[in-house]
Amino acid sequence: MINIVLSRTKFATLLLVLSSIGTWTSAFGQAPAAQSAQAAQVPEAPKKAHVEGTVVSITGEAIPRAQVRLMPAATLAAITAGPPPNSTATSDDKGKFVFDNVDPGRNYQLRATRPGFNTANYGARSANTTGTSLSLEAGTSLKGLVITMTPQGVISGKITDSNGDPLKSVIVTAMRSGYQRGARTLVTTGTATSNDQGEYRLANLAPGRYYISASGRALLQPQTDQGSGVPGNVTTYYPTALDVAGAAPVNVAPGVEQRGMDVQLRTAKMFAIRGKTVNAATGAPVAGMQVRAMRKGDDGANSLIAQLTQTAGTSKADGSFEIRGLTQGAYTLQNQDTAAILALLTGGPKAADVVKLIGTLDATISDADVSGLVFALGTGATISGKATLEGGDIKTAFPLASGPVDPVQAMLATALAFDGGDDEDLAGFPASISLMPVTGGQIVATSGIKETGAFTLDGIPAGKYTVNVARLPQGYYAKSLTYGGTDVIHAGLDMTSGAGGTMQMVLSNKPASVTGMVANAKGEPQSNVSVTLWTVAPELGSTNGGIRSMLSDQNGSFQFQGLPPGEYRAAAWEDIDTELTQIRDFLGQFAGSDVEKVKLAESGNIALTLKIVSVDKIKAAEGKLP
């Protein structure tokens, strides 16, 4: 039985959801005449799938009492419907697990958890990495699957202040070298909070080299720093460094706890920024605005950890705000309109009338508090857009998408699409268009696309953006996207003037596709191999930059759909950080037999058999990156 949980979902969207999952008749029934006419033609219930396997440790011993989950791809439908039945099993004394009566589908993930071990995904080539996607056809019986678990590594220690006294509720972070947005950086892999004795314990760590940092501010604690040069704790890297360049790495081995990794927080002079939030149009004070001070150049400014520990203040009735606990340096002030967000999430008759106010303001602290700032907030720019279908009626692309689009659903589904959600799996929900800063971070504007093709992006701050068109109906792709006469897909969206405008989107129902298999030197299919398909010409305005990646399934197969025509390159990688495949300087180092050249025409399909690029070649190319 399929359960659908609706939250402020429009009836037309419900019809679209039901259409996409094939439950028209079970949800609404049929007219009496239709029932009698088809009474003798009751369709046979679809056959279910069967999956079984074993959970073992890296040394080969069976692991009993492991919790094993078999879940479909993360989609909006999965979120609203909740976990499917029969999605969890427990391994027995021999490590064996069984799943019966599984609904057919693709992109299933098989994951095992157990205290004392790293979370393990079936087919993963290293701990805590993405596993093999399973395609389950009706009547399929998959047997002999093995999930290998690695004993967890642990880092523990104590957080103290400059006097050696323990500090409570300090966020401690474990980070590893990796890539984000095409640049080498430190990626957060684990967090913990110190207890009343200052002790912390970072568990469930995969083997590797880590850097440890402790926030200078306790989690969710009120600001006590008074500014005006009063010393306060600042973020410190193990053991006592102010930045990662001076930090000492901590090596973690499987099943080993590294104890005594104590961090003594450093201190620095603290200052405050004070000002008033006002409506840019009227000059009237604006109350209830949360204002954050984001240090310029802080790559982690949009992470949850950074946001929880960043200093912020909320404007009062007269618009005044104060942000304390800031060290010397250059900052950008950003506001969060909590009232508008709350109205959007809770709905109600006034939700559509709430005007979202936004703004940014630069401030620099030298050796004194900064006071008297006027933080002017405006409504931001608006883009009015229209999608058309090349050679046809746009309504044929969105036959059931009439009526207004639920903004909360649009936000949730768009977030899934940005996070690698599968457009086909999300096909039952309204197509959308969204903007994200070219530097990364949070989505600044999103809009559903109506059956007429109309969409509106509002509240856009001045800046430069990439554009994501998500969840188009299967068999369509965005052929062009123009704003002010500029090709946004290839050039990006420039909104630095702060003015709005109109955007034209042209859809085509002639997308191309690439299918294939990953094989070893003997021609045998290889599962869970990262496959990358990229355009020869960069798509600077596209969120993925024209680079698409996926993993081969249990049969070694892969499939890229909804592709614009053009020239591409394709490669398969033995073992790689998927973020690395998003760097064109890295991809550009491979040619010849390492890659396949692909030229796609409209409606074209090309089948490939990809060889695997070795780890040695990957490491050599990575070493040449800045």
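That block above? That's the structure.
Predicted model only: the values in this text are computed from it and were never measured.

J.: Talk me through the pairing of strand β34 (residues 501–508); I want residue IDs and the actual numbers.
T.: For a regular strand, side chains alternate in direction, first toward one face of the sheet and then toward the other. Across seven bridges, the pairing between strand β26 (residues 381–389) and β34 is parallel. Looking at the pairing, threonine 388 lines up with valine 506 of β34. In the sheet, strand β31 (residues 477–483) pairs with β34 via six bridges, with the strands oriented antiparallel. The partner of alanine 478 across the bridge, within β34, is leucine 507.

J.: Tell me about the packing of aromatic side chains, and please be specific about residues and values.
T.: Two aromatic rings are characterised by how far apart their centres lie and by the angle between their planes. The tally for this structure, following the rule as stated, stands at five aromatic pairs. Measuring from centroid to centroid gives 5.5 Å for tryptophan 573 and phenylalanine 586, while their planes differ by 45°, and the two rings are tilted. Of this pair, tryptophan 573 sits in strand β39 (residues 566–573) while phenylalanine 586 sits in helix α9 (residues 584–587); the two residues are 13 residues apart in sequence, bridging distant segments of the chain. Residue tryptophan 573 shares its accessibility class with phenylalanine 586, and that shared class is buried. Ring centres of tryptophan 573 and phenylalanine 590 lie 5.0 Å apart, and the angle between their planes is 75°; this geometry places the pair in the edge-to-face category. Highlighted residues: tryptophan 573 in strand β39 and phenylalanine 590 in the loop between α9 and β40 (596–600), separated in sequence by 17 residues. A relative accessible area of 0% places tryptophan 573 in the buried class. One aromatic cluster in this structure is built from Trp573, Phe586 and Phe590. A cation over an aromatic ring shows up here: arginine 176 above the ring of tyrosine 210, its NZ or CZ 5.1 Å from the ring centre.

J.: Go over the pattern of salt bridges with me, naming the residues and quoting the values.
T.: Scanning the model with the defined rule gives 12 salt bridges in all. Residue lysine 96 is joined to glutamate 52 by a salt bridge in which the shortest nitrogen-to-oxygen separation is 3.8 Å. Taken together, the residues span a long stretch of sequence, with lysine 96 in strand β4 (residues 96–102) and glutamate 52 in strand β1 (residues 49–57) at a distance of 44 residues. With a shortest N-O distance of 3.2 Å, arginine 324 and glutamate 322 are connected by a salt bridge.

J.: Outline the sheet that holds strand β29 (residues 454–460), supporting the account with residue identities and numerical values.
T.: Read from one edge to the other, the open sheet built from five strands follows the order β29-β26-β34-β31-β32, with strand pairing classed as mixed. The sheet is open, and its two edges are formed by β29 and β32 (486–487), each paired on a single side. Two strands pair when backbone bridges link them, and β26 and β29 are joined in this way by five bridges, in the antiparallel orientation. Looking at the pairing, glycine 385 lines up with phenylalanine 455 of β29.

J.: An account of the environment of methionine 289 is requested, with residue identities and associated values reported.
T.: In this structure, methionine 289 sits in strand β20 (residues 289–295). It is 9.0 Å that separates the C-alpha atoms of methionine 289 and leucine 357, two residues lying 68 residues apart in sequence.

J.: Outline the sheet that holds strand β41 (residues 605–610), supporting the account with residue identities and numerical values.
T.: What links the strands of a sheet is backbone hydrogen bonding, and the strands pair in either a parallel or an antiparallel sense. Spatial ordering of the open sheet is given by β38-β35-β41, a layout of three strands whose pairing is mixed. Both edges of this open sheet fall to β38 (557–563) and β41, since each of them pairs with a single strand only. When strand polarity is set aside, the average angle formed by the axes of neighbouring strands in this sheet is 15°. With six bridges joining them, strand β35 (residues 512–518) and β41 adopt parallel strand pairing. Each bridged residue has a counterpart across the sheet, and for valine 514 the counterpart in β41 is isoleucine 606.

J.: Describe the environment of methionine 149, naming the residues involved and giving the relevant values.
T.: Relative to the assigned elements, methionine 149 resides in strand β8 (residues 141–149). According to the relative accessible area criterion, methionine 149 is buried, its value standing at 0%. For methionine 149 and alanine 120, which are 29 residues apart along the polypeptide, the C-alpha to C-alpha distance reads 5.5 Å. Leaving out residues up to four positions away in the same chain, methionine 149 has contacts with Val55, Val56, Ser57, Ile58, Ile63, Ala66, Ala112, Thr113, Arg114, Phe117, Asn118 and Ala120.

J.: I'd like a description of the nonpolar core, backed by residues and values.
T.: Nonpolar side chains tend toward joint burial in soluble globular proteins. Counting residues in each nonpolar core, the largest one holds 31 residues, and the members touching the most others are Ile433, Ile460, Leu481, Leu493 and Met505. Sorting the residues of this core by element identifies β26, β27 (432–437), β29, β30 (464–470), β31, α8 (488–491) and β34 as the ones contributing at least two each. Val51, Ala89, Tyr108 and Ala112 belong to the second-largest nonpolar core, a separate cluster that totals 23 residues.

J.: Quick one: what's the story with the environment of proline 564, residue by residue and with numbers?
T.: Looking at where proline 564 falls in the secondary structure, it is placed in the loop between β38 and β39. C-alpha separation for the pair proline 564 and alanine 512, spaced 52 residues apart in sequence, amounts to 6.2 Å. In contact with proline 564, other than residues within four places in its own chain, are Tyr477, Arg548 and Leu600.

J.: Quick rundown of the side chain of serine 133? Include the residues and the values.
T.: Along the chain, serine 133 falls in the loop between β6 (120–121) and β7 (134–136). Of the residues examined, serine 133 reaches a relative accessible area of 13% and is grouped as buried. In this structure the side chain of serine 133 is engaged in a polar contact, spanning 3.2 Å, whose partner is the side chain of glutamine 109. Filtering out sequence-adjacent residues up to four positions away, serine 133 remains in contact with Asn107, Tyr108, Gln109, Ser552, Asp553 and Gln554.

J.: Can you explain unusual backbone geometry? Please cite residues and give values.
T.: Here the residue pair tyrosine 238 and proline 239 is connected by a cis peptide bond, since its omega of 0° sits within 30 degrees of zero. Residue serine 169 is not a glycine yet carries a positive backbone phi of 65°. By the element assignment, serine 169 lies in the loop between β9 (153–160) and β10 (170–180). Even without being a glycine, asparagine 204 presents a positive backbone phi close to 60°. Summarising the element assignment, asparagine 204 is placed in strand β12 (residues 199–205). The class of asparagine 204 is partly exposed, set by a relative accessible area of 29%.

Scoring rules and cut-offs
- Residues numbered from 1 in each chain as written.
- Predicted model: local features only at pLDDT ≥ 70, side-chain atom pairs only at ≥ 80, totals over all residues.
- Heavy atoms only, no water.
- Pairing = 2+ DSSP bridges.
- Helix = DSSP H or I, 4+ residues; strand = E, 2+ residues; numbered from the N terminus.
- Phe/Tyr/Trp six-rings, centres within 6.5 Å; stacked < 30°, edge-to-face > 60°.
- Buried < 20%, exposed > 50% of the residue type's maximum accessible area, 1.4 Å probe, protein only.
- Lys NZ or Arg CZ within 6 Å of the ring centre and 35° of its normal.
- Salt bridge = Lys/Arg side-chain N within 4 Å of Asp/Glu carboxyl O.
- Axes fitted to C-alpha atoms, helices over the stretch in contact; angles between N-to-C directions.
- Contact = heavy atoms within 4.5 Å.
- Core = buried A, V, L, I, M, F, W, Y, C linked by side-chain atoms within 4.5 Å.
- Polar contact = N/O pair within 3.5 Å; in protein donor to acceptor, adjacent residues only side chain to side chain.

The values reported here are purely geometric and, on their own, carry no functional implication.
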